[in-house]
Amino acid sequence: MAVLDEVLSANGQYAASFGAKSELSLPPARRFAILTCMDARLDPAKYAGLSEGDAHVIRNAGGRASDDAIRSLVISYKLLGTQEWFVVHHTNCGMEFFDDERMGELLAQSLETAELGPDGFRDIGSGPGSTEGKQIDWLTIADAEQSVVDDVSRIRSHPLVPPRIPIYGYIYDVKTGRLVEISDATEAGRPS
Ligand SMILES: [Zn+2]
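Notes on the structure follow. (Residues numbered from 1 in each chain as written. Predicted model: local features only at pLDDT ≥ 70, side-chain atom pairs only at ≥ 80, totals over all residues. Heavy atoms only, no water.)

1. So, the coordination of the zinc ion
Each pair of donors in an ideal octahedron of six around a metal sits at 90 or 180 degrees, and each pair in an ideal tetrahedron of four sits at 109.5 degrees.
Item 1. For the zinc ion, the full set of protein donor atoms is Cys37 (SG), His90 (NE2) and Cys93 (SG), at a range of 2.0 to 2.3 Å.
Item 2. Positions of the donor residues of the zinc ion, expressed as sequence spacing, correspond to C-x52-H-x2-C.
Item 3. Exposure remark for His90: the relative accessible area of 1% places this residue in the buried category.
Item 4. The exposure class assigned to Cys93 is buried, which follows from its relative accessible area of 2%. (Donors = N, O, S within 2.8 Å, 3.2 Å for Na, K, Ca; no water. Buried < 20%, exposed > 50% of the residue type's maximum accessible area, 1.4 Å probe, protein only.)

2. Some remarks on the sheet that holds strand β2 (residues 55-60)
Item 1. Spatial ordering of the open sheet is given by β2-β1-β3-β6-β7, a layout of five strands whose pairing is mixed. Of all the strands in the sheet, just β2 and β7 (179-181) have a single pairing partner and so form its edges. Averaged over all pairs of adjacent strands, the angle between strand axes in this sheet comes to 25°, irrespective of strand direction.
Item 2. Together, β1 (32-37), β2 and β3 (84-90) form the strand contacts of helix α3 (residues 67-78), whose direction differs from that of β2 by roughly 175°.
Item 3. Lying on the sheet, helix α5 (residues 144-156) is in contact with β1, β3 and β6 (167-172); it crosses β6 at an angle near 160°. (Pairing = 2+ DSSP bridges. Helix = DSSP H or I, 4+ residues; strand = E, 2+ residues; numbered from the N terminus. Axes fitted to C-alpha atoms, helices over the stretch in contact; angles between N-to-C directions. Contact = heavy atoms within 4.5 Å.)

The following block contains the structure:
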């Protein structure tokens, strides 16, 4: 079955037993938000025990504190009342396997999907590509723990983020499913 059919079929089953979820309110009931990676192995609803209506989950490549992630976090507290935030990166993140220069090169070569080998990503497609990729900050990760500290610190020091909100820093281990605290990040995100 094609992906589109699979998704619509699954949705039909989900909606058929939607029940009391139709009564959920807009603000997240448990008043917290998670910023995490889009990696397909991570399911924040499962690793953090979320049900519909519980929390905000903001996802992007790497779970990075990009301008757009911060935009969502500001809306999350200012309009929808979240009071605690988590930044959750993870082991074996794809954002560790390239840097801005490499991504620019890959896109300049072709717009096909690259291949991940032991020496990183390499382009196997045919061109043309585009040099537009060289203008973008891809927010890649050189050091997994440091990236959590950096992102918590960036959120903490943002002028639109109130000092009262604690920001916790964690790395999810894709081999065990466990959240491992990065104490330097949580320290950087301590409320005041
Ligand atoms: Zn990732």
